Each structure stands twice: as C-alpha cells, then as structure tokens.
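In case you want the letters, here they are:
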Amino acid sequence: MEKSGFRSRISQTRARPENVSMAVCDEDTMSTSVGMSDLSDEILLCILRHVPVCDLVMNVANVCHKLHTLCHDKTLLSNVSLSEEYLADDLLFRPILKQLANHVQSLSLNGCYWLSGSTVELLSRCRGVTHLDVTGCRLSSLRLSRLLSSLSLLRSLAFDVTTGFNSALLSSEAVDSLSRLSELRQTLLTPSYGVVPCCAQLRKLMLQFDIPDVTREGVGVCCQLMVGQSSVPHYQQLEEFTARLAPGEVNQTLLLLYLAVFSVHVPKRLRVFLVSIPGPNPAHWPAAPSLAQSLGQRGDLEALQLPRSWLDSLSLKRALEGNSPKHLSFSRCPALWPQVFQSLLEGGVKDATQLISLNLSGINQVLYSECRSVEDQLVPGTMSRLALGCSNIKHLNLMHTHYHHEKSPGLDGETHLCASLAKFKHLHSLTLPACALSDGLNTHQISTNNTTPSALFLGLKKPPRLGLQNYKPDSESSLSRDSTSGLTQLLAGCPLLETLEIIGPGFVSVLPRLEPCSRASVEPRGMCAWARGVGDAHLAALEALPRLRRLTLAGLPGVLRGTGLVQLARQCKDLQVLSLANMGSLKTMNYNAALLDTLKQCTQLQELRLEQPYLNANASFFEALSSCSRLQRLCLISRSGTFDPSATEDFMERCRHVIMCHMFMGGTLVACRTLQKALLDRFTHERSALSVVIYPLHHEDLPSVIRDIPLTLLDRITLFQSHVAQPPHLSPL
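A.B. asks: Lay out the overall build of the protein with the relevant residues and their values.
C.D. replies: Counting its secondary structure elements, the protein contains 27 helices and 22 strands. Expressed as a percentage of contacts within the protein between residues at least 6 apart in sequence, the contacts between residues at least 24 apart total 76%. Surface exposure of the protein reaches about 30900 Å², of which carbon and sulfur atoms provide 51%.

Now the structure itself:
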C-alpha cells in the first residue's frame, strides 16, 4: 500500500497543480489570491529546498514546465541526500538516479541498507559526482571496482569494508580513482586496511571500527594477517584523522596498526586528531606524547580527542599551547581535569572563543567506592569563567560529572551551577548529570543519608525509602517555588537549546555491547542523593524551551507520576526525538498514564526510545502511540515487559511511516519470533526499509541478534549513548 501511495502522490500532483502552489488562483479569486505565477523564481527555489528530493524530481517537476526547470536547478540537485527516503525501494530509486545523473555532485546514500547491490551500482551513471557516501549499502569488491572506474572526478568516498573484501579485485581504473581521493571514510566490519593503501593523496581519513572479537561460529578474530601486508598507509598529506571504536580487543589492535606509521612520522599538516575508544582501559599507545607535541607546534590544531591513557597533563599543555581549537573532548579523563581548565582559562590556548564543542563527560569523576569531596565536583565559579572565556560554545557535554548544590554563593553571588551554565548564550545542545538540576537536599534526605546502619545488618536491611517529589500542575503547594530555580535560570539563559540530555549518575542500559564498557564508569543507582531530588517539576520546567527537538531523560528515580512530561509535551510542539529510560521506580511503571497522555501530544515525533523494566505495550499504549503519525523509528526495551501482538500489528497498520520496530522485552522466544515474522510478512512489501527485531531481552543469543541490526539504526537509537559534543564524523547524527 505504501509504495502505491508514493506513486499516487505523483499522479495526484500531476492532476492538481494547486498542491504545490501557495494559493489557488481561479477566476473568482484572481484579484485577491496569490498564485505561483506571481512568485519570483528565487522565492520558489527557497520553497522547493524544503521538498524531499524524491518528490522534487518525480512529483513536483511534472506539474508544469516552469516547475520542471526550477526543480532541476543546480542549487537543488548538486548536493543531494537520499539517506532517509525510506519509502523508495529499488524500483523507485532507479528513475530518481537517472534524473540526478547529469546534475548531482555530492550524493549520500548513507544508511540505505535496504537497497540491492545492483541499484547501488547504478550510481556509476552519476559521472559528475565528486563526493559519494554509500555507508551501510550492499557493495561487494567487484561492484565497488566498477563504480569507482566510472567516477573519475571522485574526491570523497565513504563505504563499508565487509567480510570478503579484497582490494586485489579492484581494477586499475578504480585504483586510479582512489589515488585522487582527498577524503575517505571507512566502516570496518572485518580486519583490513580497506582501500587506504591506494589513496596516496588523502587529507581526511575517518574510520569506524565495528569488528566483533569472535565470529558467529565462536572462532576468535585475528589481525595478524595484516602485519605482513606490504601496502601500509603512510598518510603523507594527511590533515585530519578520526577513529571511532566499538568495544573489543580486535578493534583496538587494528587501530594501533593504522597508527603504526605515526610512531615514525607525524604528517606535517595534521590539525585534527580524534580517537574514541570505549571502556576504562584503552590499549596504550607510546607515540601519543610525541604526537601531541607535534600537534602543538604548527598552531593550527582544530580538534583533539585522545583516550584517557594516551595523554598526560604536560602533553596536553603542549598540544593546546598557541592553538585555537574548535572541538575538544576529554571524556573519562579525570587526571587531565586541572590542566584542561588551566589551558582554557589562563591563556593556555591562543583564542578560546574559537571553541564550539566541548566534551567534559566524566572528567571530574571518582569511583563511587572512593570518598567524593567538594574538589571532585563541578564548581560554578569555574564554569562561569569558562562561559566568559569560551563564549561561542554551542555543544557542551557534562555527563558522568557531579554537582551538589549547597546553597553557598559562588562567583558574583551565584548560588547554582545552572546560573553559570546560563551564560553559555549560544548553546544548541547540552548534556547534564541529573544532580546538577537539584536545588539541594531537603531535611528528610539529609537525615536519611546521614543515618549509617550497623555493619551487621548491611546485607539484611532494606534501603530507606526516600521522599520523592510529586508534581501536580494544579497545585502550587505541592512544591516550593524555588525547587526548580536553578533549572529556570539555565533555561532562561539558553533559549537556543534544541538538544537536551539529562542522565542520572547510576543509569546503565541493559542492552549489551557498549554497556559492559560503561558500567565501570558509573555508580550504583541511588548513590547520588541530589539526583533523586529531580522530579516532575523539573520536567515541567522544560516547557520553556520552544526550540527543543531532541530530549533524553534517563535514570531519574525522583519522577513519580510523570505529569511534568505532559506539560512539557504540550508546549514543545516540535519535539522530534524522545528517549526515556528508567524513570521513577524500577519496580513498577508508575508514570504510565502520563506517558500515554504525553505521546498523544507528540504529533511531530519521529523517533521514540523507551527503556523501562516493567513496560506494558498493550492496546492502550499503542493507541496513544498511534497519535504520533510521523513516527519512523521505535525501540522498546523492558526486561519484564509484555506486549500485545494484535495491538502491535494494528499500530504498524495505522502508522505507515514506521520503518523500524525494535522490541527487546520479556516473553518467550516463540512469541517474539511469531510477532516478528507476522510484521515482516505483512509490511515488508509496502516498506522496503522495514527493520523488525523482536527478541527476549535476556536470551543468550541476543548479542548475535544485535550484530545483524543495520549499524545506522544501531548507533542512532537502539544502543543508548550520548550524541552531544561528539565530533561530526564520530556521531551517527
């Protein structure tokens, strides 16, 4: 039905040109209405820029001669992304590519996992393409060879190196095209250098390592075969190096092989070096200090991120001295905390106002088993100075940090960290620990926390129940007026926020893969009493962000009824991405009624991730979710959750834009597989991009199931991770 619906839009528009006009121009209203013929070409082009390319070339262009000419204007078709054209299958993609062939210069099919290899090979018709992204597409070595042989003007390439890739199968014409590349992005799904040895002129190299340590048959993966290869990359012209790793020893070993040349020679023009390795103990790289020193000598360093074990304070000082970086990430690097602020606040960089993105996730973190002192917390005065010195920061990540408000004046009489953060006037995205929003502990919380039970009963006594805030929209007496005063100051000072992540210090997703690496960097749920003070009133206060598009709330035990969510959803009309995890009690779904009301308000929602131990995905849930008519991606995670198969099918029938339905819940393997098969059999014909994965959360084969999920969906929504202040090529968004 959906494919026929896509084609019907074409025929309908041909029959009724008024579908693309600003107003209908008939004889009776000619004097008062404005028709398309009255609009200038410049205005029409501005309007057409917001039309999806598929509709543009297959639909709007057929209305009239004028629109046909405008729809093929170079400003509309020279830079094209088809990444989220989920409704276009192989049959529809082919005429689209034919229409684009003589116009497109930059073309992205990133994440088009549903297209066949033969369709992707048709890109060879686009001979004028200089930038091509086919990450996630099916492309064998031979097809890649034929494609590269036809694209002699290609200067930028992004693709996957999959199992069975063999660079020896590339033709001489393909190798010639690779030799002229200045930019390459490889997603490595198997140990390989890919096409890097063929690219002698590379200026930008971006790598994503996603290789499992064992094969599906249980055999360990080894990188030893790469060591003897003669075609080792040298990076003579390299200016930017980016690497993002999934967990696993193989990925780290392979990275060190890629970096081996840096131990001998650091490219003179290198100005971006970004390496992200998950886990508390990344493999050591002895050449890191000399690399840092080299980066600091030229004075044009733009971006820097290194694992915690690769850098010491002195090396960091040398790397930043005399430079004006735009992106810095010191995630999980507590040893560098003093030097980071010293460099940024005391003249250790040339021009701190150039900094746009700063990731300080976990930078002041100490293990929960150790004694956390005041020195281990964020200081409002320091953050105020940072806001004044780095005045143009747009993206700030403070996840896994701590701030415990004690109502003591700080710089300029400030009483809260949020007042300091409010000075970042240009913030577009922000990640905060939940405790940073709290206005302090009440008397009951303090007395409870100071009560130390006898060691004899530590293993027997139940933890004391803490008083949690319960927000009632119609009752001002339920909360003191200043309970959200800190958050209110932050929201008033940062009106441009579009992405907000509030993550409790004890939250860890139950899905495998990234989580074993993150468990070592978080403390048990409930250890931070200040985080327990963040409740429904704080959620309701977020209604002050009219530009909010993406919201993540995770690990907030203080949310009791969830009524703040409803108030937020009523005001934030443009919310497109919502991720909720472990809200309120973990023993029951205490905000279910509010969640249903919230979903009914989210008419613009395109993506929902919901992780809760006791989620009941029944008919009421899916009926509320059906109000999200634009929903495309859905992920439900619940260790003891239940689902209604018929309600799930009815929801998929009503919400025809949904192309991803991932449910990891309770229930038997038979029940999960039965529903998965039913959805695929019923809807795959209509939605070629449909990805349905329904599986018991605690089944031993779940890691293998996750491995089969398209990487673009896995990184984007299925696996919980922060997307704020990540380097552009390290973030799936």
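A.B. asks: Quick one: what's the story with the packing of helix α12 (residues 288-298) against helix α13 (residues 313-320), residue by residue and with numbers?
C.D. replies: Where α12 contacts α13, the two axes come as close as 6 Å, and the packing angle between them is 25 degrees. The orientation of α12 relative to α13 falls into the category roughly parallel. Within the contact between the two elements, α12 uses P289, A292, Q293, L295 and G296 and α13 uses S315, R318 and A319. Taken together, the residues of the contact of α12 with α13 sort by class into four nonpolar, three polar and one charged.

A.B. asks: Describe the packing of aromatic side chains, with residues and values.
C.D. replies: In the structure shown here, the tally under the stated rule is 17 aromatic pairs. Geometrically, the ring pair formed by F507 and F720 is edge-to-face, given 4.7 Å between the ring centres and 70 degrees between the ring planes. Of the two residues, F507 is situated in the loop between β14 (499-503) and α19 (515-518) and F720 in the segment after α27 (711-718); the sequence distance between them amounts to 213 residues. A relative accessible area of 6% means that F507 is categorised as buried. By relative accessible area, which is 13% here, F720 ends up buried. Through pairs of rings, three or more aromatic residues link up here, namely Y235, F241, F262, F273, W285 and W310.

A.B. asks: Provide a residue-level description of the packing of α13 against helix α14 (residues 337-345), including the pertinent values.
C.D. replies: Two numbers describe how α13 lies on α14: the axes approach to 9 Å, and their chain directions differ by 20 degrees. Considered as vectors, α13 and α14 are oriented roughly parallel to each other. Every pair of crossing elements has a handedness; the one defined by α13 and α14 is right-handed. Across the interface between the two elements, S313, L316, K317 and L320 of α13 pack against Q339, V340 and S343 of α14. Of the residues assigned to the contact of α13 with α14, the class counts are three nonpolar, three polar and one charged.

A.B. asks: Break down the nonpolar core for me, with residues and values.
C.D. replies: Judged by nonpolar contacts, the single largest core of 217 residues is most densely connected at L82, F241, F273 and F330. Setting aside chain neighbours within four positions, we find F241 in contact with L205, L207, L255, L259, F262, L270, V272, F273, L274 and V275. I503, F507, A581 and F720 belong to the second-largest nonpolar core, a separate cluster that totals six residues.

A.B. asks: Can you explain the pattern of salt bridges? Please cite residues and give values.
C.D. replies: As enumerated under the stated definition, the model contains 21 salt bridges in all. One salt bridge connects K66 with D41, and the closest N-O pair in it is separated by 3.8 Å. One end of the pair, K66, is in helix α4 (residues 65-71); the other, D41, is in helix α2 (residues 41-48), with 25 residues separating them in the sequence. The class for D41 is partly exposed, based on a relative accessible area of 36%. Within this structure, R203, E239, E240, R271 and E302 form a network of salt bridges that share partners.

A.B. asks: Before we move on, can you summarise helix α22 (residues 592-601) with the specific residues and values?
C.D. replies: For α22, the full list of buried residues reads A594, L595, L596, T598 and L599. The secondary structure elements touched by the buried residues of α22 are α21 (563-571), β16 (577-583), β17 (607-611) and α23 (619-625).

A.B. asks: Pulling in residues and values, what's your account of the environment of S329?
C.D. replies: Relative to the elements of secondary structure, S329 occurs in strand β10 (residues 327-329). Measuring from C-alpha to C-alpha, the distance between S329 and I363 comes to 9.7 Å, with 34 residues separating the pair along the chain. A distance of 3.5 Å separates the side chain of S329 from the side chain of Q305, its partner in a polar contact.

A.B. asks: Give me unusual backbone geometry: which residues, what numbers.
C.D. replies: For R332, which is not a glycine, the phi torsion comes out positive at approximately 55 degrees. Relative to the helices and strands, R332 is located in the loop between β10 and α14. Look at R332 and you get partly exposed, because its relative accessible area is 22%.

Procedures and definitions
Residues numbered from 1 in each chain as written. Predicted model: local features only at pLDDT ≥ 70, side-chain atom pairs only at ≥ 80, totals over all residues. Heavy atoms only, no water. Helix = DSSP H or I, 4+ residues; strand = E, 2+ residues; numbered from the N terminus. Contact = heavy atoms within 4.5 Å. Areas by Shrake-Rupley, 256 points an atom, 1.4 Å probe, with all protein chains shown as cover. Axes fitted to C-alpha atoms, helices over the stretch in contact; angles between N-to-C directions. Parallel < 35°, antiparallel > 145°, perpendicular 65-115°, else oblique. Nonpolar A, V, L, I, M, F, W, Y, C, P; charged D, E, K, R; others polar. Phe/Tyr/Trp six-rings, centres within 6.5 Å; stacked < 30°, edge-to-face > 60°. Buried < 20%, exposed > 50% of the residue type's maximum accessible area, 1.4 Å probe, protein only. Left-handed = near helix turned anticlockwise from the far one by under 90°. Core = buried A, V, L, I, M, F, W, Y, C linked by side-chain atoms within 4.5 Å. Salt bridge = Lys/Arg side-chain N within 4 Å of Asp/Glu carboxyl O. Polar contact = N/O pair within 3.5 Å; in protein donor to acceptor, adjacent residues only side chain to side chain.

Read these as spatial facts, not as claims about activity.
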